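If you want the building blocks of each chain, they are given just below.
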Amino acid sequence: MAAYNLLLLPGDGIGPEVMAEVERVIAWLNAAGPHSFATESDLVGGSAYDAHGQAISDAAMDKALAADAVIFGAVGGPKWDGVPYDVRPEAGLLRLRKDLELFANLRPAICYPALADASSLKREIVEGLDILIVRELTGGVYFGEPKTITDIGNGQKRAIDTQVYDTFEIERIARVAFDLAATRKNLVHSAEKRNVMKTGVLWHEVVSQVHAREYPAAELHHILADNCAMQLVRTPKQFDVLVTDNLFGDVLSDIAAMLTGSLGMLPSASLGAPDAKTGRRKALYEPVHGSAPDIAGQGLANPIAMIASFAMALRYSFGQIESADLVESAVASVLEQGLRTGDIMQPGCTRVSTADMGAAVVAAMERIAG
Ligand code: IPM
Ligand code: MG
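Conventions we followed
Residues numbered from 1 in each chain as written. Chains lettered and ligands numbered in written order. Predicted model: local features only at pLDDT ≥ 70, side-chain atom pairs only at ≥ 80, totals over all residues. Heavy atoms only, no water. Helix = DSSP H or I, 4+ residues; strand = E, 2+ residues; numbered from the N terminus. Rg over C-alpha atoms; globule rule 2.2 N^0.38 Å. Buried < 20%, exposed > 50% of the residue type's maximum accessible area, 1.4 Å probe, protein only. Contact = heavy atoms within 4.5 Å. Areas by Shrake-Rupley, 256 points an atom, 1.4 Å probe, with all protein chains shown as cover. Lys, Arg positive; Asp, Glu negative; His and termini not counted. Charge placed at Lys NZ, Arg CZ, Asp CG, Glu CD. Near = heavy atom within 4 Å. Polar contact = N/O pair within 3.5 Å; in protein donor to acceptor, adjacent residues only side chain to side chain. Nonpolar A, V, L, I, M, F, W, Y, C, P; charged D, E, K, R; others polar. Domains from an automatic or database assignment. Phe/Tyr/Trp six-rings, centres within 6.5 Å; stacked < 30°, edge-to-face > 60°. Salt bridge = Lys/Arg side-chain N within 4 Å of Asp/Glu carboxyl O.

K.L.:
Whenever I open this one, the overall build of the chain confuses me. Can you help?
P.N.:
Of the regular secondary structure elements, the chain holds twelve helices and 14 strands. Computed over its C-alpha atoms, the radius of gyration of the chain comes to 20 Å, within 12% of the 21 Å expected for a compact globule of 370 residues. Across its three principal axes, the chain shows a C-alpha extent of roughly 60 × 50 × 50 Å. For the chain, the proportion of its 370 residues judged to be buried stands at 53%. For the chain, the share of sequence-separated contacts (at least 6 apart) that also reach a separation of at least 24 residues comes to 74%. Entry remark: accessible area of the chain is about 15,600 Å², with carbon and sulfur atoms responsible for 54%. With 32 positive and 46 negative side-chain charges, the chain shows a spacing of 4 Å between the two charge centroids.

This is the structure we're talking about:
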């Protein structure tokens, strides 16, 4: 029986509420065996700032580096609007991504049949949708230097962000995309802005080379990121795997999330390179939604993205495909039963709280597992 160590970082806002529902799923899996998960929790984001004056403490970072996987909730909220930029809540998440070298962010946008009417788009446009966004996560404008605001006199300031990519960063994310595509429809769209950005020119060139050299059997389409945004709401089912940089991936994944009915439905996995000796990847799993401070603490949050993020951990970190399938089937089943949190509420359905939804998912796991 394998025992794995999970570091839980619930964070701020609705983070702790949705994390509590994952803990229910973990407890069920531990009781069912054969694998077991030991969990430890720590602070991140605004809650870490309140306790330590930092968005994540060095001690929590050490735990994250040692863990088999990090399960992350959400960070941020108006309470911390005034804190210094370097210690703002989001800095905790960005440090985790950077220090764990989690360069590959997988964001699957799947439209559950029961939710096809919850999307803001028509049922026929989104029904059966299954897109995998592969977002580069440790480069680009998020981390490029210089990143400054300077006083340039005459009451003027100048702000600079730097978009920078090296060949190896594009190659490794392209390989992740092509490898995943090979397990699906083997169709990859690569989005950039080569018509205005040098990083887009290099991105296009390197993705084309990786394709020609290593993955000639895959179908590759290059698409400008603005056109991609438009195509995502026009005919989203034309996409299978979509690979893009850090900033475009941030924006395009929020669009893709809404196709599925709600931001509360979209999970994500952030993976590092396989370790040369053990083959294990460092990994962090988090819902794409944020901390939603407006609904925090009221039992209104949808825990499905958080629970589905844990299912991705079962799949990508622990190779427990059956358990991952079980969690995902349980989610589909509670949606079929008509249970809905407020964000995906539809006429004729039953509105439930965060905790009721979590309990219903576990009950469905129990039922499906027999
Ligand atoms: C995301 C979030 C983060 C990002 C924020 C919280 C820093 O929007 O994971 O999509 O911009 O990457
Ligand atoms: Mg985002």
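K.L.:
Help me understand the site of ligand 1 in this model?
P.N.:
Neighbouring residues of ligand 1: Glu90, Arg97, Arg107, Arg135, Tyr142 and Asp250. One of the side-chain N or O atoms of Tyr142 is found 2.5 Å from an oxygen atom in ligand 1. Summarising the interface, the protein chains cover 77% of the accessible area of ligand 1, which totals 320 Å² for the free molecule. Among the residues forming the shell around ligand 1, the class breakdown is one nonpolar, no polar and five charged. Both of domain 1 (1-110 + 263-370) and domain 2 (130-259) provide at least three residues apiece to the shell around ligand 1.

K.L.:
Before we go on, may I ask you to explain the packing of aromatic side chains in this structure?
P.N.:
For any two aromatic rings, the description comes down to two numbers: the centre-to-centre distance and the angle of the planes. One pass over the full model with this rule turns up six aromatic pairs. On the basis of an interplanar angle of 65 degrees and a centroid distance of 5.3 Å, the ring pair of Phe37 and Phe318 is categorised as edge-to-face. Residue Phe37 is found in strand E2 (residues 36-41), and its partner Phe318 is found in the loop between helix H10 (304-316) and helix H11 (321-336); the two are separated by 281 residues along the sequence. Relative accessible area serves as the criterion here: at 5%, Phe37 is assigned to the buried category.

K.L.:
Would you mind going over unusual backbone geometry with me for this structure?
P.N.:
As a rule of thumb, non-glycine residues mostly have phi less than zero, and peptide bonds are mostly trans rather than cis. In this chain, Gly33 is followed by Pro34 through a cis amide linkage whose omega measures 0 degrees. Tracing the backbone through its elements, the reader meets Pro34 in the loop between helix H1 (15-32) and E2. Of note, the bond from Glu145 into Pro146 is cis; its omega dihedral lies within 30 degrees of zero at 0 degrees. Relative to the helices and strands, Pro146 resides in strand E6 (residues 144-153).

K.L.:
Looking at this structure, how should I read the pattern of salt bridges?
P.N.:
Pairing between side chains becomes possible if they bear opposite charge and their charged atoms approach one another. All told, the structure shown has 21 salt bridges when counted by the stated rule. With a shortest N-O distance of 2.7 Å, Lys63 and Asp42 are connected by a salt bridge. Of this pair, Lys63 sits in helix H3 (residues 58-66) while Asp42 is found in the loop between E2 and helix H2 (46-52), placing the two residues 21 residues apart along the sequence. Between Glu127 and Arg123 there is a salt bridge; the shortest N-O distance is 2.6 Å. A residue is classified by how much of its surface remains accessible, and Glu127, at 35% relative accessible area, is partly exposed. Arg123 sits in the partly exposed class, given a relative accessible area of 29%. The structure contains a network of salt bridges with shared partners spanning Glu171, Arg175, Arg213 and Glu214.

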